[in-house]
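Chain and residue survey
Spelled out from the first residue to the last, the chains are:
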Amino acid sequence: MAETAQPCVLQEPRLVVRKFQARPQGEGKGAVVRRSIGRFELKYFDPFLVLDEFSVTAPAGFPDHPHRGFETVTYMLEGAVKHEDFEGHKGTIMAGDLQWMTAGKGIVHSEMPVGGQGTAKGLQLWINLSSNDKMIEPRYQELQSKDIARAAGNGVEVRVIAGESMGARSPVFTRTPTMYLDFTMKPSAYLRQPIPTSWNAFAYVLEGEAAFGSEKAAPVGPHNLLLLGGGDGVEVWNRSPAKPVRFVLVAGEPLGEPVVQLGPFVMNTEEEIDRTIDDFQFCVNGFEKAKWWRSESTVETQG
Ligand code: FJE
Ligand code: FE
């Protein structure tokens, strides 16, 4: 674990420009998500399409469904999710593990909580792909908890999901340039994190409370999404006398392209969406293997 001093002062600290409380809603089959990005008040925060804090107990889950044109990043907080796709790729994402899935031209898969292990909780972030990358071959980057880079110092601990912080760097390749950091700050700790100036950035609080952007700001608690304004980084204060705060800080380079979304298909034009519906229906152009495939979890429950 690297022990590092905080980087030098910021020229223009980012301030909180909008705050959203993510309330529970139904998704998938009997699953509950707190959606912040992707709901109608915040349809898109370029390049981010969806941020779901999910909480799913078997037999609820996300049975066989497709994706095209973006990436899904699943970061487990508690419990475990079993996934399998139409190529035969499968595994279990456990607490602290990361699955960075580039759906590209097409993935059909299921994501179901592992029974008998309580409620599976985590974050799923959907990152858009540029028009040049939407039809690339699917790819997985998977990291177990123990292999996630981390650093600590001055009462701040970071797990680096993507990008770099406090001298620790993630091996994940982000096709759409992205920074994804999981911070825990002890009471009275202070954090200063640089963020590329041209990128869009947000924080999402998981536990405890912190003041973002300004020391005098009102502390913000769990299930809140904070959009950060312009600047070269962010400052965070945990002014609580006793409670740690945990939040993720995510930033990405905006694509600046038109977005046409139909559920799990995200393209640039209506024509491309029409073609995608056809491709999925006729099992072509990346969806070939969808023709006969059913997940084991579907076969087990429906015969
Ligand atoms: C879904 C398309 C989807 N949030 N959080 C349409 F891809 C999904 C879906 C998920 C999902 C899966 C996990 Cl493991 C965590 C998620 C959406 O699979 F629910 C709908 N309606
Ligand atoms: Fe999915």
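Being a predicted model, the structure only gives us computed values, none of them experimental. (Residues numbered from 1 in each chain as written. Chains lettered and ligands numbered in written order. Predicted model: local features only at pLDDT ≥ 70, side-chain atom pairs only at ≥ 80, totals over all residues. Heavy atoms only, no water.)

1. A closer look at unusual backbone geometry
The omega torsion across Asp-46 and Pro-47 is 5°, close enough to zero to call that bond cis. Position of Pro-47 relative to the elements: it lies in the loop between β4 (31-35) and β5 (48-56). Each neighbour pair has its own omega, and for Ala-58 with Pro-59 the value is 10°, a cis peptide bond. We note that His-223 has phi near 70°; this positive angle belongs to a residue other than glycine. Position of His-223 among the secondary structure elements: in the loop between β21 (211-212) and β22 (224-228). Under the relative-accessibility criterion, His-223 is labelled partly exposed at 21%. In the Ramachandran plot, Asn-285 falls in the positive-phi region, its phi being about 50° despite a non-glycine side chain. For Asn-285, the position within the fold is in the loop between α1 (270-282) and α2 (296-302). (Helix = DSSP H or I, 4+ residues; strand = E, 2+ residues; numbered from the N terminus. Buried < 20%, exposed > 50% of the residue type's maximum accessible area, 1.4 Å probe, protein only.)

2. A few points about the coordination of the iron ion (ligand 2)
Taken together, the protein ligands of the iron ion (ligand 2) are His-65 (NE2), His-67 (NE2), His-109 (NE2) and Glu-111 (OE), with distances of 2.1 to 2.2 Å. If you look at the iron ion (ligand 2), its four donor atoms make angles of 84 to 177° with each other, and the shape they trace is irregular. Counting the intervening residues between successive donors of the iron ion (ligand 2) yields the motif H-x1-H-x41-H-x1-E. Of this pair, His-65 sits in strand β6 (residues 62-67) while His-109 sits in strand β11 (residues 107-113), and the two are 44 residues apart along the sequence. Of the residues examined, His-65 reaches a relative accessible area of 18% and is grouped as buried. (Donors = N, O, S within 2.8 Å, 3.2 Å for Na, K, Ca; no water. Tetrahedral: all angles 85-135°; square planar, octahedral: opposite > 155°, others 65-115°.)

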